[in-house]
Amino acid sequence: MKTLIDKLRRQTFLTKEEYVTLIDHRTPALADYLFEQSREVRHHYYGHDVYVRGLIEFTNYCKNDCRYCGIRCGNHQVQRYRLTEDEILSCCDNGYALGFRTFVLQGGEDPYFTEERIVSLIRRIKQGYPDCALTLSIGEKTRDEYQAYFNAGADRYLLRHETANDAHYRYLHPPTLSSANRKRCLRDLKAIGFQTGCGFMVGSPGQTTECLAEDMLFVKELQPQMVGIGPFIAQHDTPFRDQPNGTMELTLFMLGLLRLTLPKVLLPSTTALGTIHPLGREKGILAGANVVMPNLSPVSVRDKYLLYDNKICTGDEAAECRNCLSLRMKSIGYTVVVSRGDYPADTPERNETT
Ligand code: 5AD
Ligand code: FES
């Protein structure tokens, strides 16, 4: 198995069968070997820096009914909220003072936020914080809408593909959504010029090793600048309430594989990973991740954006999370930096042999 990891590091891809073999035959010792490799690659491009993105969860209205998600439209237990433009700007203000230079506007697919309203938001944020990167994470739109957001100044877009496998996608989603359209969105985003992030849940109901291998092949083909992954965590008001959670162990292994497959990729150590294990985010960084995404949303709405159960940090002010994360990263020898944290487009690809 070690030779497969060596091969992955050398050539930065494997066949589907090879990914399946590696994932199915993983052991704690093999994982340690993988993480040594993935950390080395990470250090080559990013040293011990950790980038932060300030996440602003600005609406929990959603027209979709994804079976895993706590804010699905079919969940009537949720208290719905929308932040006003001024409230969002004040989150940015707070974040800027704390050293954030990337803001991520994330929300459900909320029809209230029309193209016009989003464009107005983008303009105001880019005007107020010209040295910051602005990331959108607001779901599936038409190519024209994406183009309008890009023209208004948005820099990046996150849209997890959730699973690259068609049948698995159908199992996780309502019939109104398709894997094909999700992939179309991602290709449009890249073509327009967004720094694009895709990603998937680890251990989602119905996921097989083959699905994970297909995720790796999809990611290799798309060449996104960012890949967000985290364990599936059951939410008690969804159809998947009784399904087992994904594991930290498999999530870390996938992070290691992603680092070797896309050496320069921006790889977050996610809140979901921190939710299933108290040291999940630290371990994610040690497996090759290089980004953390603390919450900048007002504490008053934090407990209403619950995609899954037991989400951490719902009672903490942005400043507390910022300090907490700095200390956590310091405790493992890494440093949170004040930077936009762009994808290192001009760094030559690592030429592996020695
Ligand atoms: N467990 C883990 N991750 C989830 N997401 C949504 N619901 C869950 C859940 N129950 C993830 C999806 C989505 C991102 C914003 O959060 O991958 O794209
Ligand atoms: Fe939020 Fe630790 S990151 S309290």
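Residues numbered from 1 in each chain as written. Chains lettered and ligands numbered in written order. Predicted model: local features only at pLDDT ≥ 70, side-chain atom pairs only at ≥ 80, totals over all residues. Heavy atoms only, no water.

**Digging into the nonpolar core**
As a rule of thumb, nonpolar side chains are buried together in soluble globular proteins. I56, F103, I125, Y149, V227, M254 and L257 are the most contacted members of the largest nonpolar core, which totals 109 residues. Tallying contributions element by element places helix α10 (residues 248-261) first for this core, with nine residues. Setting aside chain neighbours within four positions, we find F103 in contact with G54, I56, C92, G95, Y96, I125, Y129, C132, A133, L134, T135 and L296. (Core = buried A, V, L, I, M, F, W, Y, C linked by side-chain atoms within 4.5 Å. Buried < 20%, exposed > 50% of the residue type's maximum accessible area, 1.4 Å probe, protein only. Helix = DSSP H or I, 4+ residues; strand = E, 2+ residues; numbered from the N terminus. Contact = heavy atoms within 4.5 Å.)

**Points about the sheet that holds strand β8 (residues 291-292)**
Pairing within the open sheet is parallel, and its three strands lie in the order β8-β1-β9. Looking at the sheet topology across the chains shown, the edges are occupied by β8 and β9 (335-337). Across two bridges, the pairing between strand β1 (residues 49-52) and β8 is parallel. The residue bridging Y51 from the neighbouring strand is V291, located in β8. Strands β1, β8 and β9 of the sheet are contacted by helix α14 (residues 318-331), whose axis makes an angle of about 135 degrees with β9. (Pairing = 2+ DSSP bridges. Axes fitted to C-alpha atoms, helices over the stretch in contact; angles between N-to-C directions.)

**Thoughts on the state of the cysteines**
As enumerated under the stated definition, the model contains zero disulfides in all. C66 provides the cysteine sulfur closest to C62, a residue in no disulfide bond, and the two sulfurs are 6.4 Å apart. On the accessibility criterion, C62 (18% relative accessible area) is buried. Here C211 is not cross-linked by a disulfide; its sulfur's nearest cysteine counterpart is in C198, at 15 Å. (Disulfide = S-S within 2.5 Å.)

**As for the environment of R160**
Locating R160 in the fold gives a position in the loop between β5 (156-158) and α7 (166-172). By relative accessible area, R160 is classed as partly exposed at 28%. Remark: the alpha-carbon pair of R160 and E140, spanning 20 residues in sequence, is separated by 10 Å. In this structure R160 touches R182, G197, C198, G199, F200, M201, G228, I229, G230 and T270, once residues within four positions along its chain are discounted. At 3.2 Å, the side chain of R160 forms a polar contact with the backbone oxygen of G228. (Polar contact = N/O pair within 3.5 Å; in protein donor to acceptor, adjacent residues only side chain to side chain.)

**Some words on the packing of helix α2 (residues 16-24) against helix α9 (residues 209-222)**
Axis separation between α2 and α9 bottoms out at 9 Å; the angle between their running directions is 125 degrees. As far as their axial angle goes, α9 and α2 are oblique. For the pair α2 and α9, the crossing hand works out as right-handed. Facing α2, whose interface residues are K16, Y19, V20, I23 and D24, α9 presents T209, E210, L212, A213, E214, M216 and L217. (Parallel < 35°, antiparallel > 145°, perpendicular 65-115°, else oblique. Left-handed = near helix turned anticlockwise from the far one by under 90°.)

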